[in-house]
Amino acid sequence: MPNYYYGTKATLAWILGHYFFNAEHYTWLASEFFPYRLPNPKSSNPYQIYADLFQPWKDRDDYDKYIQQIRLNIRKGVIAQEKAGVISGDVASRLKEVCDRIDIIYFYPIVCRVDIDSIDRRRRQISGSGIMLHSSEELIADLREDEFDILFLDFNSDAGFRELVVDEVAATGTFSREPLPALEERC
Amino acid sequence: MDFGERFDLPYPQFVFLDAQVVSFMTESDNRLYQAMYVDCLALLHDLLITMCTVPEASMFDPREINEDLETSMLKLQEPDVTDEQQLSLVESLLDNLHKNRISAFTLFQQSTGFEFGVVSYRVRFSIDSYLDDLLKQYRIIRYPYAFAAQTSRG
């Protein structure tokens with residue numbers, strides 16, 4: 001039986017990893033989807049993160065504090081990728097604008113499921129609460145798309161979201177337009 | 001040791017931007033200032049997020065954050081505007097960043113320079129308050145007209 005670990009993220013984070021960061025995903029993973037009785041703090045609890053994203057997404061509450069925080073967190077990823085030379089300054093500027101302005105629909109939560117034993121030990125980092133609290137979580141900064149499944153991608157009533165995310169997850173390469181203008185259309 | 005005196009230390013707070021500066025930044029010609037300011041908010045957030053009561057992992061090293069803030073602030077010292085009123089708004093922006101950077105690093109030092117491995121709850125709550133205000137500032141920048149309308153209604 002595979003040894004599954006789970007991580008929840010906003011769809012926008014997956015979109016940026018998939019289309020702009022060489023299909024590599026900066027992903028925090030916990031040893032259980034609901035790490036009840038494990039010393040994982042709220043931020044290392046995929047179940048809790050799912051709830052914190054899903055509720056404002058469902059309410060379309062773009063003033064929600066957690067949504068502001070996730071927008072800034074995704075922006076930090078853009079800053080890091082620009083510094084690493086993965087994206088140009090121009091693309092980074094446009095992606096930062098996307099982080100600030102894109103419709104909350106793109107914060108729909110998805111869950112990545114990874115067979116952790118299939119990942120080379122050297123790529124598995126223990127940091128944050130893993131060090132401080134011995135929580136059961138790891139970071140994989142370059143998770144590739146053949147290394148995880150996406151769970152709970154059950155939203156397809158928005159045509160733009162379906163085209164950019166749902167269809168693309170089902171069969172990579174189906175999205176034939178330029179992704180950046182497609183995102184900017186939703187800002 | 002006088003704990004009473006230590007607990008009375010004033011904890012630094014996040015300083016909000018003046019409404020005029022927000023309005024200036026969000027004009028289409030000045031979006032570069034907005035982008036740089038929000039980058040700085042993201043870096044300040046990253047510095048403190050590991051130290052609040054609901055901590056999260058950070059992405060950058062504190063030294064890297066300090067250097068990046070320094071670079072951004074140096075860029076802001078060479079503004080693209082020539083109009084005197086606009087220059088004074090850029091100066092306000094820079095002053096705001098300067099104060100918020102000092103506050104964030106003071107809180108960071110207070111939370112890392114703890115004794116007996118215990119971070120004071122006063123420091124943690126002060127960091128929570130700083131981060132709450134930082135996120136409010138970000139929201140105001142994203143929705144300046146909504147918040148301006150709320151303010152004008154009192």
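Right above here is the structure, for reference.
All residue numbers refer to positions counted from 1 along the written sequence of the respective chain. To label them, take the chains in the order written and letter them from A, then take the ligands in the order written and number them from 1. pLDDT decides what is reported in this predicted model: residues at 70 or higher carry local features, side-chain atom pairs at 80 or more are listed and counted, and totals for whole chains, interfaces and linings draw on all residues regardless. Side-chain measures were taken over the full set of non-hydrogen atoms in the model, leaving aside hydrogen atoms and water.

### Concerning the overall build of chain B
Which entries qualify depends on this criterion: Only DSSP runs of H or I with at least four residues qualify as helices, and only runs of E with at least two residues qualify as strands; both kinds are numbered from the N terminus onward. Classification of residues uses two cut-offs on accessible area relative to the type maximum, computed with a 1.4 Å probe and protein chains only: under 20% is buried, over 50% is exposed, and between them is partly exposed.
Secondary structure summary: chain B contains seven helices and zero strands in total. Seen in sequence order, chain B has helices and strands lined up from the N terminus as α-α-α-α-α-α-α. Counting all 154 residues of chain B, 45% fall into the buried class.

### Regarding the side chain of Asp52 of chain A
Definition in use: In this description, contact between two residues means that some pair of their heavy atoms is separated by no more than 4.5 Å.
Relative to the helices and strands, Asp52 of chain A is located in helix α2 (residues 46-59). When neighbours within four sequence positions are excluded, Asp52 of chain A is seen to be in contact with Lys42 and Tyr66 of chain A.

### Describing the interface of chain B and chain A
Buried accessible area, meaning the area lost when the parts come together, often serves as the stated size of an interface. What counts is decided by this rule: Two parts placed together each lose some accessible area; with a 1.4 Å probe, that loss summed over both constitutes the buried area. Every case where a carboxyl oxygen of Asp or Glu lies within 4 Å of a side-chain nitrogen of Lys or Arg is listed as a salt bridge. Under the rule applied, a polar contact is a pair of N or O atoms within 3.5 Å (in protein, one hydrogen donor and one hydrogen acceptor; residues adjacent in sequence only if both atoms are side-chain atoms). Charged means Asp, Glu, Lys or Arg here, nonpolar means Ala, Val, Leu, Ile, Met, Phe, Trp, Tyr, Cys or Pro, and polar covers whatever is left, Gly included.
In this assembly, 28 residues from chain B lie in contact with 25 residues from chain A. Summed over both sides, the interface of chain B with chain A buries roughly 2500 Å², with 54% coming from carbon and sulfur. The largest share of the area that chain B buries against chain A comes from Met59, Tyr138 and Arg142 of chain B, three residues that together contribute 24% of it. The tally of links between chain B and chain A comes to eight salt bridges. Of the charged contacts, one joins Asp39 of chain B and Lys96 of chain A as a salt bridge, the two residues approaching to 2.8 Å between their closest N and O atoms. At the junction of chain B with chain A, the criterion picks out 18 residue pairs in polar contact (both at pLDDT 80 or more). Of all elements in the fold, only α3 (31-48), α4 (62-76), α6 (121-142) and α7 (144-153) of chain B reach the threshold of two or more residues within the side of chain B that touches chain A. For the side of chain B that touches chain A, the element with the most residues is α3 of chain B, which contributes nine residues. Across the side of chain B that touches chain A, the residue classes tally to 16 nonpolar, three polar and nine charged.

### What about helix α5 (residues 84-112) of chain B?
Spelled out, the test is: Given the number of residues in a helix, its expected span is that number minus one, multiplied by 1.5 Å.
Look at α5 of chain B: 42 Å from first C-alpha to last across 29 residues, which is about the 42 Å you get at 1.5 Å a residue. Capping the start of α5 of chain B is the job of one residue whose side-chain oxygen sits 3.0 Å from the backbone nitrogen of Gln85 of chain B: Asp83 of chain B.

### What about the nonpolar core?
As a reminder of what qualifies: Only buried residues count toward a nonpolar core. Its members are Ala, Val, Leu, Ile, Met, Phe, Trp, Tyr and Cys residues joined through side-chain atoms within 4.5 Å.
One finds Ile15, Leu16, Phe20, Phe107, Phe161 and Leu164 of chain A to be the most contacted residues of the largest nonpolar core, which totals 50 residues. Sort the elements by how many residues they give to this core and helix α1 (residues 11-20) of chain A lands first, with six residues. Look past the residues within four positions of Leu164 of chain A in its chain and what remains in contact with it is Trp14, Ile15, Tyr19, Tyr106, Phe175, Ala182 and Leu183 of chain A. Formed by 46 residues, the second largest nonpolar core is a distinct cluster that contains Val21, Val38, Val90 and Tyr138 of chain B.

### Side note on the pattern of salt bridges
A complete count under the given rule lists 27 salt bridges over all chains for this structure. Note that Arg71 of chain A and Asp62 of chain A form a salt bridge whose closest N and O atoms lie 3.0 Å from each other. For Arg71 of chain A, a relative accessible area of 0% gives the class buried. Given a relative accessible area of 12%, Asp62 of chain A falls into the buried group. Put simply, Lys136 of chain B and Asp133 of chain B hold a salt bridge, and the shortest N to O gap is 3.6 Å. One end of the pair, Lys136 of chain B, and the other, Asp133 of chain B, are both in helix α6, three residues apart, so they sit about a helical turn from each other. For Lys136 of chain B, a relative accessible area of 37% translates into the label partly exposed. A network of salt bridges, in which partner residues are shared, links Arg75, Glu82, Lys96 and Asp100 of chain A together with Asp39 of chain B.

### Remarks on unusual backbone geometry
All names here are of chain A. Positioned with a positive phi, Asn22 is a non-glycine residue whose angle comes to about 60 degrees. Taking the relative accessible area as the measure of exposure, Asn22 reaches 60% and is therefore exposed. Positive phi outside glycine occurs at Ala23, with the angle close to 55 degrees. Inspection of the secondary structure puts Ala23 in the loop between α1 and β2 (24-30). Residue Ala23 is classed as partly exposed on the basis of its relative accessible area of 24%.

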